[in-house]
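Inside the fold
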Amino acid sequence: MKNTREVPAVTSLPQSPRDEADHRVRRYALTMTIRIVCFGLMVLVQPYGWYTWVFGISAAVLPYIAVVFANAGSDSTETTAESPVRELDAPAPAPIESEAPAPHVFTIHEGPKDR
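Report follows, based on the coordinates. (Residues numbered from 1 in each chain as written. Predicted model: local features only at pLDDT ≥ 70, side-chain atom pairs only at ≥ 80, totals over all residues. Heavy atoms only, no water.)

Focus on the overall build of the protein chain
Just so we agree on the cut-off: Put simply, DSSP H or I for four residues or longer makes a helix, DSSP E for two residues or longer makes a strand, and each gets a number counted from the N terminus. The buried label goes to any residue with under 20% of its type's maximum accessible area, the exposed label to any with over 50%, and the partly exposed label to all in between, with areas taken from a 1.4 Å probe on protein chains only. Should any heavy atoms of two residues lie within 4.5 Å, those residues are considered in contact. The Shrake-Rupley method, run with a 1.4 Å probe sphere, supplies the accessible areas, and residue values consider only the shown protein chains as cover.
Within the protein chain, the regular secondary structure consists of two helices and zero strands. With 115 residues in all, the protein chain has 10% of them scored as buried. For the protein chain, contacts bridging at least 24 residues in sequence account for 73% of all contacts bridging at least 6. When the accessible surface of the protein chain is split by element, carbon and sulfur atoms take 62% of a total near 11000 Å².

Brief notes about the pattern of salt bridges
We count it as follows: By convention in these notes, a salt bridge is any Lys or Arg side-chain nitrogen within 4 Å of a carboxyl oxygen on Asp or Glu.
Tallied over the full model, the rule gives one salt bridge. Of the charged contacts, one joins Arg-24 and Glu-20 as a salt bridge, the two residues approaching to 4.0 Å between their closest N and O atoms. Of this pair, Arg-24 and Glu-20 both sit in helix α1 (residues 17-44), four residues apart, roughly one helical turn.

What about helix α2 (residues 50-71)?
Formally: One less than the residue count of a helix, multiplied by 1.5 Å, gives the span that helix is expected to have. Fitting one axis to the seven residues ending at a residue and another to the seven starting there, the bend at that residue is the angle between the two axes.
In this model α2 runs 32 Å from its N-terminal to its C-terminal C-alpha over 22 residues, within 8% of the 32 Å that 1.5 Å per residue would give. Along α2, the largest kink reaches about 35° and is centred on Val-61; proline Pro-63 follows within four residues of it. Every buried residue belonging to α2 is among Thr-52, Gly-56, Ala-59, Leu-62, Ala-66 and Ala-70, and all of these are buried. The inward-facing, buried residues of α2 abut α1.

Dropping the structure here:
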């Protein structure tokens, strides 16, 4: 039996640093956009009530949440994926014949013709 090789699969590779940074920036921008919406709703929604406090607290807490999530990198736990490459036993090669059959050779003898 052949030894199994660990071939790295694309699914087991970590996310590239550029893609990870882009994802974190998008997540931060989305959270800060939600904060701006909460602040606007706190000021613009009339009559003031309990929901005004919810919008205000959300607008105050979301910057902290946005920074914490933006600074948190991706999950660094190593995942092992099953490799799609498998080694299969190849069939045995055909035996090589030691003596090749003699080729058919035609010999032409020429000589002077008497007529």
